[in-house]
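Remarks on the overall topology
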Amino acid sequence: MAQWSKEQLKGFATADDMHVSPFYDDGKTYGTPTWIWSVVNNDKLYVRAYNGQNSRWYQSAMKQHAGKIKLNGNEYEVSFNDAAGNKDLDEQINKSYQNKYGDSPYCPPMLEAGPISATVEIEPK
């Protein structure tokens, strides 16, 4: 299984330019890039859907489990994996969001049940 390099993770930790593009139903065509916040926690890359599990990109990501992201000026083929439901991990990711985006008025909603239930780990292919 591929992993992000330490250098990539260091860049991801401060970057604020992530766009996710899960595949459409055909499994070949990339979806429209969606700008989204990302955080690094324990050498793993995570995102949450602001609108929870109702977010279209989230639904595609959970159905297809693949696509691409653009982050820190580069594009990557990736896997999308459900990462919600582990209370300790949810709390760690909450702290990562607070540390990176705590000054934004959009941060508190990202720490609520809907977005937490739509936490996704992104892994390189």
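First, a word on what this report is: a plain description of the structure on this page. (Residues numbered from 1 in each chain as written. Predicted model: local features only at pLDDT ≥ 70, side-chain atom pairs only at ≥ 80, totals over all residues. Heavy atoms only, no water.)

**As for the pattern of salt bridges**
Note the threshold: Any Lys or Arg side-chain nitrogen found within 4 Å of a carboxyl oxygen on Asp or Glu counts as a salt bridge. Numbering goes from the N terminus for both helices and strands, where a helix is a DSSP run of H or I of at least four residues and a strand is a run of E of at least two.
Tallying each qualifying case throughout the model produces 3 salt bridges. Across the pair Asp-43 and Lys-6 runs a salt bridge, and its minimum N-O distance is 2.8 Å. Placement of the pair is Asp-43 in the loop between β3 (38-41) and β4 (44-48) and Lys-6 in helix α1 (residues 6-14), with a sequence separation of 37 residues.

**Some words on the side chain of Ser-55**
Worth spelling out the cut-off: Polar contact criterion, stated in full: a pair of N or O atoms within 3.5 Å, where within protein one must be able to donate a hydrogen and the other to accept it, and residues adjacent in sequence count only if both atoms are side-chain atoms. Throughout, a residue-residue contact means that at least one pair of heavy atoms, one from each residue, lies within 4.5 Å.
Along the polypeptide, Ser-55 turns up in the loop between β4 and α2 (56-64). Looking at Ser-55, its side chain comes within polar contact range of the main-chain nitrogen of Asn-51, at 3.4 Å. When near neighbours in sequence (up to four residues on either side) are disregarded, Ser-55 contacts Ala-49 and Tyr-50.

**So, α1**
What sets the pattern is the α-helix's 3.6 residues per turn: residues three or four places apart point alike. Selection criterion: When a residue's accessible area, from a 1.4 Å probe over protein chains only, is under 20% of the maximum for its type it is buried; when over 50% it is exposed; and in between it is partly exposed. Comment: arc refers to directions from the helix axis out to C-beta atoms.
The complete set of buried residues in α1 reads Leu-9, Gly-11 and Phe-12. For α1, the arc enclosing every buried residue in end-on projection is 165°, short of the 170-degree limit, so these residues lie on one face. In α1, those exposed residues whose orientation departs by more than 90 degrees from the buried face are Lys-6, Glu-7, Lys-10 and Thr-14. Those residues of α1 hidden inside the fold are in contact with β3, β4, β5 (66-71), β6 (74-82) and α3 (87-101).

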